[in-house]
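Coordinates in review
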Amino acid sequence: MGEQPRGTHVPVLLERCLELLAPALARPGRTVHVDATLGLAGHAEAVLAAYPGTVLIGLDRDPEALAHARSRLARFADRIHLVHAVYDELPDVLAELGESTVDGVLFDLGVSSLQLDAPDRGFAYAQDAPLDMRMDQTRGVTAEDVVNGYSHGELARVLRVYGEEKFAGRIASAILRERERARITSSARLAELVRESIPAPARRTGGHPAKRTFQALRIEVNRELAALETALPAALDALAVGGRVVVLSYHSLEDRITKQAFAERARSKGPVDLPVELPGTGPTLRLLNRGAEPPSEAEVAANPRAASVRLRAATRIDPDDDTGTERTGRAARERPRRAVKAMHTSGPALRPGSTVDPDSGPRGPGGLTRTEAEGEGS
Ligand SMILES: C[S@@+](CC[C@H](N)C(=O)[O-])C[C@H]1O[C@@H](n2cnc3c(N)ncnc32)[C@H](O)[C@@H]1O
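Sequence order sets the numbering: in each chain, residues are counted from 1 along the sequence as written. Local features in a predicted model are, by the rule used here, given only for residues with pLDDT of at least 70; side-chain atom pairs are given and counted only at 80 or more, and totals for whole chains, interfaces and linings are based on all residues.

Keep this limit in mind: UniProt positions are given in the numbering used here, feature names are shortened, and annotations may be inferred rather than shown by experiment.
As recorded in an unreviewed UniProt entry, the protein chain goes by Ribosomal RNA small subunit methyltransferase H and comes from Micromonospora zhanjiangensis. Looking at the Sequence similarities (unreviewed entry) heading of the UniProt record, one finds this comment for the protein chain: "Belongs to the methyltransferase superfamily. RsmH family."

Here it is, written out as structure tokens:
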């Protein structure tokens, strides 16, 4: 293993990710796994160690992360392709490597501990640094450009939408006032301005007052949500039948995009009033958990950075697997329930995040089937 950078790095939900990917990656012969957010390669290293037949394609937009990953994964050099790319470039990367389909995909979204702990990159409100926040420091606008260049309306929108910040307008006004006096160039000055803009009672709740503003600026600077909206469908298109995707999200906006991308493919495209599936109209994805799976208390105790994680996983299926069979999921619920009623067993409801994966992990109560997993979620 290569030298670890500052701070301890524990890959989030590592065992759970391996368990979910196993049925796809442990298939006989050569399998291909894409780690779309390679980071410090904690997940990637575990995948390569667990599956000797797996070739890894690792993407990261941060050249520094790639350098760390390359040294950590040196012993697997003949099974890895590490690529400096934004993950929405996945189709081009696969084409260049001559891979038409892949078996596993992991997205572990957000920033790495390398980026968060770096004293000079401006991601952390707790340390003073130049306001940069670019995951790829070789290109693009910085947080300083955004803070000093956006109009009041644009700034308030970024803080409200990406930070879910109630006091977005007040913070934007404080930024504009300060800008007239002097350019805002440091994370400490910005954190102080945010703190001063928030009413005193609100400062005492919900963590550090600047947390939401910093999250919002990071998302804007790196165009994170737009990249995810393009990358997820592309990754699902690349999955072979039986292939699996796991997404670890750290805030509700990422999780919502994931939920929608999965739901779109987990439902039938056939006419809602037909009782059976027609050729080619069946779902192309089966959800492997119901809703978004939270970390266990033990996971959070061992790794505080896992506290906000939500996991969703799915497997690619052949849309014609169900041709001629009774429809399930939303279409089935929108027509009279008689035919599907028998499939619902008694017993306790699944809690959000319970597994419905027939191939890995325990089954939900009542031996739940695809019906319960489709089109739902938290
Ligand atoms: C949470 S870390 C991943 C940690 C990794 N799973 C590990 O075990 O070390 C997220 C990584 O994804 C990268 N990243 C974030 N958004 C990206 C994007 N749109 N395209 C490519 N890489 C991205 C970041 O630079 C960061 O290194």
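Regarding the site of the ligand
Put simply, the rule is: Using a C-beta atom placed from the backbone, a residue is scored as near a molecule or strand whenever that atom is within 6 Å of it. Under the DSSP-based scheme used, a helix requires at least four consecutive residues in state H or I and a strand at least two consecutive residues in state E, with every element numbered from the N terminus.
As a structural note, the neighbourhood of the ligand is formed by 20 residues, with Thr 37, Gly 39, Leu 40, Gly 42 and Asp 108 the closest of them. Residue assignment for the shell around the ligand shows that the elements contributing at least two residues are helix H2 (42-50) and strand S2 (54-60).

Topic: the UniProt feature "binding site: S-adenosyl-L-methionine" (unreviewed entry) in the protein chain
Condition: A residue is called partly exposed when the number of other C-beta atoms within 10 Å of its own lies between 12 and 20, exposed at 12 or fewer, and buried at 20 or more, with C-beta atoms placed from the backbone. Here contacts are defined at the residue level, using C-beta atoms placed from the backbone and a cut-off of 7 Å between them.
Per the UniProt annotation, the sites labelled "binding site: S-adenosyl-L-methionine" (unreviewed entry) are Ala 41, Gly 42, His 43, Asp 60, Tyr 87, Asp 108 and Gln 115. On the secondary structure map, Ala 41 appears in the loop between strand S1 (31-35) and H2. The class for Ala 41 is buried, based on 30 C-beta atoms found within 10 Å. Apart from the residues within four sequence positions on either side, Ala 41 is in contact with Gly 58, Ala 69, Arg 72 and Leu 73. On the secondary structure map, Gln 115 appears in helix H5 (residues 113-117). Among all residues touching Gln 115, those that are not within four sequence positions of it are Asp 62, Arg 121, Phe 123 and Met 135.

A closer look at the pairing of strand S4 (residues 102-108)
Formally: Each pair of strands is called paired provided DSSP finds at least two bridges between the two strands.
The buried fraction of S4 amounts to seven of the seven residues, a majority that puts the element mostly inside the structure. Pairing of S1 with S4 involves three bridges; the strand directions are parallel. If you follow Asp 35 over to S4, its bridge partner there is Leu 106. Bridge analysis of S4 against strand S5 (residues 239-249) gives six bridges, and the strand direction is parallel. In the strand pairing of S5, Val 105 is matched with Val 245.

Some points on the environment of Pro 233
Assignment of secondary structure puts Pro 233 in helix H12 (residues 224-238). Since 14 C-beta atoms lie within 10 Å of it, Pro 233 is described here as partly exposed.

Some remarks on the nonpolar core
To keep it simple, the criterion reads: Note on definitions: a nonpolar core is a set of buried residues drawn from Ala, Val, Leu, Ile, Met, Phe, Trp, Tyr and Cys, linked by C-beta atoms within 7 Å.
Core analysis: the biggest nonpolar cluster contains 62 residues, and Ala 36, Ala 69, Leu 90, Val 105, Ala 235, Val 246 and Leu 248 have the highest contact counts within it. Per-element tally for this core: the top contributor is helix H1 (residues 14-25), with six residues. Residues contacting Val 105, with those up to four places away along its chain left out, are Val 34, Ala 36, Ala 235, Leu 239 and Val 245. Of all hydrophobic cores here, the second largest spans 28 residues; its members include Val 147, Leu 159, Ala 216 and Leu 217.

Considering helix H9 (residues 187-197)
Each α-helix turn comprises 3.6 residues. Residues three or four places apart therefore point the same way. As a reminder of what qualifies: Here the arc refers to the set of directions running from the helix axis out to each C-beta atom.
Those residues of H9 that fall on the buried side of the exposure criterion are Ser 187, Leu 190, Ala 191, Val 194 and Ser 197. Take H9 and look down its axis: the buried residues cluster within an arc of 125 degrees, on one side only.

Here we look at the sheet that holds strand S7 (residues 310-316)
Where we set the bar: For helices, the fitted axis covers only the stretch in contact; all axes are lines through C-alpha atoms, and the angles between them, taken along N-to-C directions, range from 0 to 180 degrees.
Spatially, the seven strands line up as an open sheet ordered S3-S2-S1-S4-S5-S7-S6, and their pairing is mixed. Here the strands that pair on one side only, and so sit at the sheet edges, are strand S3 (80-84) and strand S6 (285-287). Neighbour-to-neighbour, the strand axes of the sheet open up by a mean angle of 15 degrees, direction not taken into account. The sheet contact formed by S6 and S7 spans three bridges and is antiparallel.

Observations concerning the packing of helix H7 (residues 152-163) against helix H8 (residues 168-181)
Defined as follows: Angle categories: roughly parallel below 35 degrees, roughly antiparallel above 145, roughly perpendicular from 65 to 115, and oblique for all the rest. What makes a crossing left-handed is the near helix being turned counterclockwise from the far one by less than a right angle; a clockwise turn instead makes it right-handed. Polar here means any residue outside two lists: the nonpolar Ala, Val, Leu, Ile, Met, Phe, Trp, Tyr, Cys and Pro, and the charged Asp, Glu, Lys and Arg; Gly therefore counts as polar.
Packing of H7 against H8 leaves a shortest axis separation of 8 Å and a crossing angle of 135 degrees. When the axes of H7 and H8 are compared, the pair comes out oblique. Regarding H7 and H8, the two cross each other, and that crossing is right-handed. In this structure, H7 contributes His 152, Leu 155, Ala 156, Leu 159 and Arg 160 to the contact, and H8 contributes Ala 168, Gly 169, Ile 171, Ala 172, Ser 173, Ile 175 and Leu 176. Tallied by class, the residues present in the contact of H7 with H8 amount to eight nonpolar, three polar and one charged.

Things to note about the packing of H7 against helix H11 (residues 211-221)
Running from N to C, H7 and H11 cross one another at 100 degrees; their axes reach a closest spacing of 8 Å. Considering the angle they form, H7 stands roughly perpendicular to H11. Every residue of H11 that contacts H7 at Val 158, Leu 159, Tyr 162 and Gly 163 is listed here: Arg 212, Thr 213, Gln 215, Ala 216, Leu 217, Ile 219 and Glu 220. Here the contact of H7 with H11 is composed, by residue class, of six nonpolar, three polar and two charged.

Focus on the pairing of S1
Every regular strand shows the same layout, with side chains that alternate between the two sheet faces. As a reminder of what qualifies: Handedness of a crossover is defined as follows: with both strands directed away from the viewer, a clockwise route from the first strand across the helix to the second makes it right-handed.
With respect to burial, S1 is a largely interior element, five of its five residues being buried. A two-sided burial pattern is seen for S1, the buried positions comprising Thr 31, His 33 and Asp 35 on one face and Val 32 and Val 34 on the other. Two strands pair when backbone bridges link them, and S1 and S2 are joined in this way by five bridges, in the parallel orientation. Counted as the bridge partner of Val 32 is Val 55 from S2. The parallel pair S1 and S2, bridged by H2, forms a crossover whose chirality is right-handed.

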